[in-house]
Structures are given as C-alpha cells and as structure tokens.
Amino acid sequence: RIESEDYDTARTITVASANAAHGSVAITNPATDGNSISTTQKAVTMVATPAEGYSFLNWTDAAGNVVSTNASYTYTGAEDASFTANFGFALTYTVGENGSLEVYVGEELITSGTVVAPGAEVSVKAIPATGKFAQLTVNGAPVNLTNNLYTFTMQAATSLAVTFVDAIYYLTIDVIGDGEV
C-alpha cells in the first residue's frame, strides 16, 4: 500500500520572522516566493536564515508553542497553520581550572553555545575552588563580580571567560597636579 503525498483538501501555511532585522524565512518545499502557500502537499518545509550577528532560536506556532529548534522545519499537519521563526544571540563560555561556572537564563541552567533571546536576563555564577578567586571577562572586557555573581541583559552574541586565581589585587593611582600616568 502506497500512501498519498497529498491531502484531499488544501490548507494554508504561513511563515514569518519575529523580527525581520534578526533573520528571514522562506517556504522551500513546495517552493514559493511568498511567506504563505495553499497546498495539498502533506510535507511543507520552511527554513529560517539568521542575519549577521544573530543565531536561530526556534520555530513557534500561532499559540506560541515551540515546535522545532532546527532552522529547517517540516510541517505535516492537515490544518491551516502559522509559524514564526525566532532569532537570538549565541552565548558561549570557557572555564579555567580550579572552579566551575553556572550560567542561567531566568531559572534555566544553560550550556555554552546556547542561543538566548534578545533582552533575556543572564545570571553568571562563578564557583572557585577553596582559596581561589574568580575573574570574569565578557567579550574580552573584565567585569566586577559581586559575591561571585554577575548579571546582564543579552543584547549581542556574548563570550564569557572565567579564570580562577590565588588572589586579586587592585591598584589605585592618584595623579596630583598637571601630570598623567
């Protein structure tokens, strides 16, 4: 028995980007130039392409449910459907010896390489081994930790690096007069 690759009646599939500046979308099978297609074909494939500096996050349906975390998604349902491609920023991190790092988006513990939605709050917790102190850099720039914690809002692709050292020293230089240091 051979199953038909078509439904008896056509349904309309519509795709959109949550923010066109973050990335674009296309229906690739069956091929169309628009963001909507009426077809009886059972498998309708859509592809999301992130703009430079962005990464693909997920596809959501009209109710806001995540249906796929792959940039290419094939819908096989028999009903009309709308899908939105969401884009974000990649968050990567490296951890030196003598400690560990926990990175949270909201309450969710994430791993290096996770794509984070723009505007999401990220919390970083450095956990040094006994007798060690943590130093954190964000995109290469050192930041101050308060009780080994750092929080920021995701606004671009971000790279974190934490190292653990025996001591942290601060040097303050005051200039008196017209000279410079």
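To be clear, the structure that these remarks concern was listed above.
This one's a predicted model, so the numbers in the text were calculated from it and none came from an experiment.

Caption draft 1: Structural view of the sheet that holds strand β4 (residues 44–50). Taken in spatial order, the 3 strands line up as β2-β4-β7 in an open sheet, and their pairing is antiparallel. The outermost strands of the open sheet, each flanked by one partner alone, are β2 (23–29) and β7 (72–75). Going from strand to strand, the sheet's axes swing by 25° on average, the running direction of each strand aside. Where β2 meets β4, 6 bridges bridge the pair, whose relative direction is antiparallel. Bridge pairing in β4 places Val25 opposite Ala48.

Caption draft 2: Looking closely at the layout of surface pockets. Approximately 230 Å³ is the volume found for the largest pocket. Every residue along the wall of the largest pocket is listed here: Ala134, Gln135, Leu136, Pro142, Val143, Asn144, Leu145, Thr146, Asn147, Asn148, Ile168 and Tyr170. The greatest single-element share of the lining of the largest pocket, amounting to 3 residues, is contributed by strand β13 (residues 133–138). When the residues that make up the lining of the largest pocket are grouped by side-chain class, the tally is 7 nonpolar, 5 polar and no charged.

Caption draft 3: The arrangement of the pattern of salt bridges in detail. Tallied over the entire structure, the rule returns 2 salt bridges. Arg1 is the salt-bridge partner of Glu3, the closest N and O atoms lying 3.7 Å from each other. You'll find Glu3 and Arg1 in the same group, each marked exposed.

Caption draft 4: View of the pairing of strand β1 (residues 6–17). As paired elements, β1 and strand β3 (residues 36–41) share 5 bridges and run antiparallel to each other. What sits directly across from Ile13, in β3, is Ile37. In the sheet, β1 pairs with strand β8 (residues 81–95) via 5 bridges, with the strands oriented parallel. The residue of β8 that forms the bridge with Ala16 is Thr84.

Caption draft 5: Representation of unusual backbone geometry. Here the bond from Asn29 into Pro30 is cis, since omega is 0°, no more than 30 degrees from zero. With a phi close to 50°, Asn139 is a non-glycine residue in the positive phi region. In this fold, Asn139 is placed in the loop between β13 and β14 (141–143). If you check the backbone angles, Asn147 has positive phi at about 55° while not being a glycine. On the accessibility criterion, Asn147 (71% relative accessible area) is exposed.

About the thresholds
Residues numbered from 1 in each chain as written. Predicted model: local features only at pLDDT ≥ 70, side-chain atom pairs only at ≥ 80, totals over all residues. Heavy atoms only, no water. Pairing = 2+ DSSP bridges. Helix = DSSP H or I, 4+ residues; strand = E, 2+ residues; numbered from the N terminus. Axes fitted to C-alpha atoms, helices over the stretch in contact; angles between N-to-C directions. 1 Å grid on protein atoms, 1.4 Å probe; cavity = no way out; pocket = protein on both sides within 12 Å on 5 of 7 lines; lining within 4 Å. Points joined across faces, edges and corners; volume = space filled by probe spheres on them. Nonpolar A, V, L, I, M, F, W, Y, C, P; charged D, E, K, R; others polar. Salt bridge = Lys/Arg side-chain N within 4 Å of Asp/Glu carboxyl O. Buried < 20%, exposed > 50% of the residue type's maximum accessible area, 1.4 Å probe, protein only.

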